[in-house]
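For reference, the chains in residue letters:
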Amino acid sequence: MRKTIKNAVFILLFLTLSVSTALLAYLHFFASDDKDLSGEWTANIDMTEQAAVTAFSWLQDIEGVSVSFEEIESYMQGLTIQVSLSFEQTVRYAGTFQCSVSPESYEACNQAAYAAFATAFQELLSQRFHMTDYAGSTDKEAIEALVTETFGMSTVSYLMSYGPALLPSLEDLQAGYDGSGTYEIAEDILTRQFEGGGDVTTKAEYYIRKESNLILSEEIDSVSSDSFSDYYPMIYILKQSSNQ
């Protein structure tokens, strides 16, 4: 069981790395030379894989349930959290920035993740009932009614209360993304210094700009706290607001 989960995680990481490497290689040769990043940028951080792996691991521990990772992933699509990043160039190749996670986007993503999780859970319960002598209906509405009668709450509420945390907490994500400070650009490196509470945290990233796209990839030689690096993605793409 655990070997299956580890294999699924390994495959996901390998595919993500392959796609990211190919994307960076392509954009390296066709990127713009514009180093003025001034404006508003937004990224939709994909949480689908993390939520699917977590749900899959939890469901594997339910006796009598047989499910593949691909089945769970098929229920969870398009789970994203919006991150906003603004730059204001004050001198050539340097300026100030501000970055934040959208709480509303996080809440919407979390709700969508558990709604998808509930659908998968109900389907598995239905399959399990089919394997027994249960004579009642096993459609979605009937399963939901059974869950509500048994646990005194809806399937979504039950999973949110007693199931796994499908996403990192909002606080952890904010610790990894939120902040403001100064930045500078040198060659292909964007260095941001997060300032606050008397401490300065430095984040250095490879960056590539292609028209209205800004691609930031893994940190290099950066000093960061555990909470900052644990949830920071390998690569993400920001879109510049159209009114800039």
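Asks: Even after reading the chapter, I still don't get the overall build of the protein chain, so can you show me in this structure?
Replies: In terms of helices and strands, the protein chain carries eight helices and eight strands. Every one of the 244 residues in the protein chain was classed for burial, and the buried ones make up 38%. As presented, the protein chain carries roughly 13,400 Å² of accessible surface, and 51% of it is formed by carbon and sulfur atoms.

Asks: Explain helix α6 (residues 155–162) to me, please; I cannot follow it from the model alone.
Replies: Those residues of α6 that sit buried are T155, Y158 and L159. All buried residues of α6 lie within an arc of 95° about the axis, which places them on one face of the element. Contacts made by the buried residues of α6 are with α2 (48–60), α4 (103–130) and α5 (140–151).

Asks: Can you help me understand the packing of α4 against α5 in this one?
Replies: Between two packed helices, both the angle of their axes relative to each other and the distance between the axes serve to describe the pair. Following both chains from N to C, one finds α4 and α5 inclined at 95°, their axes separated by 10 Å at the closest point. The angle between the axes of α4 and α5 places the two elements in the roughly perpendicular class. The segment α4 lies against α5, with T119, Q122, L125, S126 and F129 engaging K140, I143, E144, L146 and V147. Across the contact of α4 with α5, the residue classes tally to five nonpolar, three polar and two charged.

Asks: Which parts of the structure should I look at to understand the packing of aromatic side chains?
Replies: Aromatic ring pairs: the centre-centre distance and the angle between the two ring planes describe each pair. Under the defined criterion, the tally for this structure stands at nine aromatic pairs. Pairing F56 with F69 gives two aromatic rings, centres 5.8 Å apart and planes at 85°, and the pair type is edge-to-face. Remark: F69 occurs in helix α3 (residues 69–75) and F56 occurs in helix α2; sequence separation between them is 13 residues. F69 shares its class with F56; the two are buried. Ring geometry for Y158 versus Y162: centroids 5.5 Å apart, planes at 40°, classification tilted. One end of the pair, Y158, and the other, Y162, are both in helix α6, four residues apart, so they sit about a helical turn from each other. On the accessibility criterion, Y158 (15% relative accessible area) is buried.

Asks: Hey, could you run me through the pairing of strand β3 (residues 94–101) in this one?
Replies: It is a general feature of regular strands that their side chains alternate between the two faces of the sheet. For strand β2 (residues 80–91) and β3, the ladder comprises eight bridges, and the chain directions are antiparallel. If you follow L85 over to β3, its bridge partner there is C99. What sits between the antiparallel neighbours β2 and β3 is a turn of two residues, in which Y93 has the positive phi angle 65°. Judged from the six bridges that link them, β3 and strand β4 (residues 179–186) form a sheet pairing that is antiparallel. When the bridges of β4 are listed, F97 appears paired with G181.

Asks: For this particular structure, what's the right way to read the confidence of the model for the protein chain?
Replies: Detailed conclusions should not be drawn from predicted coordinates in areas where pLDDT is low. For the protein chain, per-residue confidence averages 80 on the pLDDT scale, and 75% of positions sit at 70 or higher. Low pLDDT, under 50, characterises residues 1–6; the predicted model gives this stretch seven contacts beyond four residues in sequence or across chains. Segment residues 8–15: pLDDT under 50, and six contacts once partners within four positions in sequence are set aside and those in other chains are kept.

Asks: When you look at α2 in this model, what are you seeing that I'm missing?
Replies: Helical geometry: 3.6 residues make up each α-helical turn, so side chains three or four residues apart lie on a common side. A rise of 1.5 Å per residue sets the reference length of α2, with its 13 residues, at 18 Å; its end C-alpha atoms lie 18 Å apart and thus fit the reference within 8%. Regarding α2, the residues found buried are T48, A51, A52, V53, A55, F56, S57, L59 and Q60.

Asks: What's the story with the side chain of S102 in this structure? I'm lost.
Replies: Position of S102 among the secondary structure elements: in the loop between β3 and α4. Take S102: its relative accessible area is 17%, and that puts it in the buried class. For S102, the side chain forms a polar contact with the main-chain nitrogen of S105, separated by 3.1 Å.

Asks: Mind showing me how you'd approach the environment of S74 here?
Replies: For S74, the position within the fold is in helix α3. Residues S74 and A52 lie 22 residues apart in sequence; the distance between their C-alpha atoms is 8.8 Å. A polar atom in the side chain of S74 sits 2.5 Å from the backbone oxygen of E71.

Calculation criteria
- Residues numbered from 1 in each chain as written.
- Predicted model: local features only at pLDDT ≥ 70, side-chain atom pairs only at ≥ 80, totals over all residues.
- Heavy atoms only, no water.
- Helix = DSSP H or I, 4+ residues; strand = E, 2+ residues; numbered from the N terminus.
- Buried < 20%, exposed > 50% of the residue type's maximum accessible area, 1.4 Å probe, protein only.
- Areas by Shrake-Rupley, 256 points an atom, 1.4 Å probe, with all protein chains shown as cover.
- Arc of directions from axis to C-beta.
- Contact = heavy atoms within 4.5 Å.
- Axes fitted to C-alpha atoms, helices over the stretch in contact; angles between N-to-C directions.
- Parallel < 35°, antiparallel > 145°, perpendicular 65-115°, else oblique.
- Nonpolar A, V, L, I, M, F, W, Y, C, P; charged D, E, K, R; others polar.
- Phe/Tyr/Trp six-rings, centres within 6.5 Å; stacked < 30°, edge-to-face > 60°.
- Pairing = 2+ DSSP bridges.
- pLDDT = per-residue confidence, 0-100.
- Expected span 1.5 Å × (residues − 1).
- Polar contact = N/O pair within 3.5 Å; in protein donor to acceptor, adjacent residues only side chain to side chain.

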